[in-house]
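Structure at a glance
Chain by chain, the residues:
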Amino acid sequence: MDDLLNVSGVSNDDSDEEHLTAAQVLEKLEQAWMNERLSPNLMECKSQIVEIMLEQIEEMEANIQRAQKGDLKISLHRLELDRIRYVVSSYLRCRLEKIEKFAPILLEREKSKSDDEPSKLSPEEFAFAKELVGNVDNHFKSSALKHMPRNLQNIALHEITSRPNLDHYVFLRVHQREEGVIVDPETDDHAEDRVDLEVGAQHLMRYQPIEQLVENGAVSLI
Amino acid sequence: MEPGDVEFIAEKELVKIVPNFALGKIYFISGDVGPFSPGLPVDVPLWLAIAIKQRQKCRVHPPEWLDVDKIETMKDDEIASEFFTELPNPHFCEVAQLLLTHATDNIPNADLLRTLIKDIWDIRAAKLRSNIDKFVKLQAGHARLDNLSQMEINTIRPFLTASLDHMYQLRISQSYTERNMSTQ
């Protein structure tokens with residue numbers, strides 16, 4: 001099963017998702033949830049996984065509706081649904097928090113990226129970020145900026161919002177061997193610091209050097 | 001992450017239960033469980049075991065490692081070893097804690113086990129603190145922490161990562177200033 005997950009994690013081919021069982025999709029969702037909770041910046045949106053899971057929940061709910069009340073099976077199924085729903089909402093809420101924090105920067109990145117680069121925001125999240133930035137902008141203008149001298153009225157939100165701290169230290173577990181990851185850039189008294197990531201090992205290091213590895217599933221944050 | 005979230009993840013670990021009811025296979029989204037027949041042990045995720053136990057419909061079979069002799073050996077090994085010993089389960093503390101809370105009557109010597117597990121936790125926490133001290137003094141940019149459980153990582157995370165972030169900033173700005181000084 002690990003192989004399957006890794007393969008679909010590396011390639012961005014959407015059709016991969018169809019070959020996964022519900023349990024495997026759930027596992028991917030839980031992985032994405034943990035990574036999102038622990039990474040300093042917004043990661044790529046796994047909207048497809050979320051959608052598949054929501055469909056599963058709906059289907060299960062319909063089944064429960066049809067079944068008899070008071071059955072032990074039903075209450076256990078309910079319990080599972082609650083657990084999954086918790087993961088989904090915690091995942092989405094965590095993303096919203098980050099979007100609220102970094103909205104202007106995220107929008108700026110969406111504007112400047114090339115077309116084949118995947119977007120980090122789902123369409124809904126993009127609309128949310130846009131509305132938020134628009135409202136903040138309006139608020140600034142109507143409450144303060146319009147009373148300022150004309151040459152001071154322009155404000156670039158993406159330049160004044162704080163950026164995600166990519167140098168944040170994170171804990172990670174390795175799933176795929178990776179050699180010579182540069183963990184510390186060269187400084188005068190240190191030569192550059194490289195480590196090999198072995199499968200199953202746990203490390204503590206800055207987020208920035210391993211950002212891509214988290215995104216493609218070679219390592220996961222813990 | 002909240003400690004509750006780590007516990008939530010630990011609840012996916014499998015445990016053995018002996019049900020006292022009969023029920024066909026249950027097709028969960030997270031996988032199939034069962035079938036259940038009275039007296040026959042079956043593997044279920046911990047969250048399910050607790051739910052069934054709360055309804056008093058099963059006995060929980062404690063995992064092999066949750067045993068006074070085994071845990072005592074573990075504690076001795078932990079004291080003797082300079083490094084962290086390998087835990088019998090990646091979520092050792094959480095699983096033990098949950099089982100000892102919800103299935104006390106199915107675990108022999110529960111009180112003794114609770115004390116021993118607390119001891120192991122304390123020994124490891126002390127080791128962790130002294131290791132962090134060493135790590136910080138070395139000004140290393142990277143550490144390898146095999147055999148450390150998620151709960152342990154989670155307890156030191158807020159403090160450790162915040163201070164490492166600060167130290168990194170200081171280190172970078174220091175080397176930046178030095179470089180500027182030397183070019184002048």
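Each value, and the rule that gives it
Residues numbered from 1 in each chain as written. Chains lettered and ligands numbered in written order. Predicted model: local features only at pLDDT ≥ 70, side-chain atom pairs only at ≥ 80, totals over all residues. Heavy atoms only, no water. Helix = DSSP H or I, 4+ residues; strand = E, 2+ residues; numbered from the N terminus. Rg over C-alpha atoms; globule rule 2.2 N^0.38 Å. Contact = heavy atoms within 4.5 Å. Core = buried A, V, L, I, M, F, W, Y, C linked by side-chain atoms within 4.5 Å. Buried < 20%, exposed > 50% of the residue type's maximum accessible area, 1.4 Å probe, protein only. Patch = residues over 30% accessible without salt bridge, like charges linked within 9 Å, V, L, I, M, F, W, Y side chains within 5 Å. Areas by Shrake-Rupley, 256 points an atom, 1.4 Å probe, with all protein chains shown as cover. Salt bridge = Lys/Arg side-chain N within 4 Å of Asp/Glu carboxyl O. Lys, Arg positive; Asp, Glu negative; His and termini not counted. Charge placed at Lys NZ, Arg CZ, Asp CG, Glu CD. UniProt positions renumbered as here; feature names shortened; annotations may be inferred. Pairing = 2+ DSSP bridges. Buried area = accessible area lost by both parts, 1.4 Å probe. Expected span 1.5 Å × (residues − 1). Arc of directions from axis to C-beta. Axes fitted to C-alpha atoms, helices over the stretch in contact; angles between N-to-C directions. Parallel < 35°, antiparallel > 145°, perpendicular 65-115°, else oblique. Left-handed = near helix turned anticlockwise from the far one by under 90°. Nonpolar A, V, L, I, M, F, W, Y, C, P; charged D, E, K, R; others polar.

1. Digging into the overall build of chain B
Looking only at helices and strands, chain B features six helices and six strands. Taking 2.2 N^0.38 as the reference for a compact globule, 184 residues should give roughly 16 Å; the C-alpha atoms of chain B span a radius of gyration of 22 Å, well beyond that estimate. For chain B, the spread of C-alpha atoms along the three principal axes comes to 85 × 40 × 20 Å. When contacts within chain B are restricted to residue pairs at least 6 apart in sequence, those whose partners lie at least 24 apart make up 68%.

2. Comments concerning the nonpolar core
Ranked by internal contacts, the top residues of the largest apolar core, which has 41 residues, are Ile17, Phe36, Val44, Ile71 and Phe92 of chain B. Ignoring any residue separated from it by four or fewer positions in sequence, one finds Val44 of chain B in contact with Glu13, Leu14, Val15, Ile17, Val33, Phe36 and Ala49 of chain B. Counting 40 residues, the second largest nonpolar core, distinct from the first, contains Ala32, Met53, Ile57 and Ile74 of chain A.

3. Points about a negative patch on the surface
Where like charges cluster on the molecular surface, the negative patch consists of Glu64, Asp67, Asp69, Glu72, Asp76 and Asp77 of chain B. Note that Glu72 of chain B resides in helix α3 (residues 68–80).

4. Description of the UniProt feature "domain: GINS subunit" (unreviewed entry) in chain B
According to UniProt, the "domain: GINS subunit" (unreviewed entry) feature falls on residues 65–170 of chain B. Helix and strand shares over residues 65–170 of chain B are 70% and 2% respectively, and the end C-alpha atoms of the span are 45 Å apart.

5. Regarding the pairing of strand β1 (residues 14–19) of chain B
For a regular strand, the rule is simple: side chains alternate between the two faces of the sheet. All names here are of chain B. Where β1 meets strand β4 (residues 42–45), four bridges bridge the pair, whose relative direction is antiparallel. Looking at β4, one finds that Leu14 is bridged to Pro45. Looking at chain direction, β1 and strand β5 (residues 58–61) are connected through four bridges and run antiparallel. Across the sheet, the residue bridging to Lys16 is His61, located in β5.

6. Focus: the interface of chain B and chain A
Between chain B and chain A, the residue contacts involve 47 residues of the former and 45 residues of the latter. A combined buried area of about 4200 Å² lies between chain B and chain A, and 62% of that area is made up of carbon and sulfur atoms. Summed over the three residues of chain B that lose the most area to chain A, namely Phe8, Ile29 and Tyr168 of chain B, the buried surface amounts to 19% of that side. Counting across the interface, chain B meets chain A through four salt bridges.

7. Focus: helix α3 (residues 47–66) of chain A
Since the α-helix packs 3.6 residues into each turn, any two residues three or four apart lie on the same face. Over its 20 residues, α3 of chain A extends 29 Å from the first C-alpha to the last, a length consistent with the 28 Å expected when each residue adds 1.5 Å. For α3 of chain A, the full list of buried residues reads Ile49, Val50, Met53, Ile57, Met60 and Ile64 of chain A. Buried residues in α3 of chain A, looked at end-on, bunch into an arc of 95 degrees, giving them a common side. Exposed side of α3 of chain A, more than 90 degrees from the buried face: Glu55, Glu58, Glu59, Gln65 and Arg66 of chain A are the residues found there. Buried-residue contacts for α3 of chain A involve α2 (22–38) and α4 (72–112) of chain A together with β2 (26–28) of chain B.

8. Observations regarding a nonpolar patch on the surface
On the surface, Phe140, Ile155 and Ile160 of chain A cluster together into a nonpolar patch covering about 250 Å² of accessible area. Structurally, the position occupied by Phe140 of chain A is in helix α5 (residues 123–143).

9. A closer look at the packing of α3 of chain B against helix α5 (residues 110–138) of chain B
Residues and elements named next belong to chain B. Contact geometry of α3 with α5 gives a least axis separation of 10 Å together with a crossing angle of 20 degrees. Classified by the angle between their axes, α3 and α5 sit roughly parallel to one another. Considering how the two elements wind past one another, α3 and α5 form a crossing that is left-handed. Of the residues in α5, those in contact with Val68, Ile71, Glu72, Met74, Lys75, Glu78 and Ile79 of α3 are Leu112, Leu113, Leu116, Ile117, Asp119, Ile120, Ile123, Arg124 and Lys127. In terms of residue class, the contact of α3 with α5 is built from ten nonpolar, no polar and six charged.

10. What about the sheet that holds strand β1 (residues 169–174) of chain A?
Within the open sheet, the four strands sit side by side as β5(A)-β1(A)-β4(A)-β6(B). Their pairing is antiparallel. Because the sheet does not close on itself, it has two edges, and the strands there are β5 (219–221) of chain A together with β6 (143–144) of chain B. Across the sheet, α2 of chain A lies against β1 and β5 of chain A, angled at about 60 degrees from β5 of chain A, the strand it touches most.

11. A look at the packing of α2 of chain A against helix α1 (residues 3–10) of chain B
Here α2 of chain A crosses α1 of chain B at 160 degrees, and the two axes come no closer than 13 Å. Taken together, α2 of chain A and α1 of chain B sit at an angle that is classed as roughly antiparallel. Where α2 of chain A crosses over α1 of chain B, the handedness of that crossing is left-handed. Residues Trp33, Met34 and Arg37 of chain A of α2 of chain A touch α1 of chain B, and the partners they reach there are Asp5, Phe8 and Ile9 of chain B.

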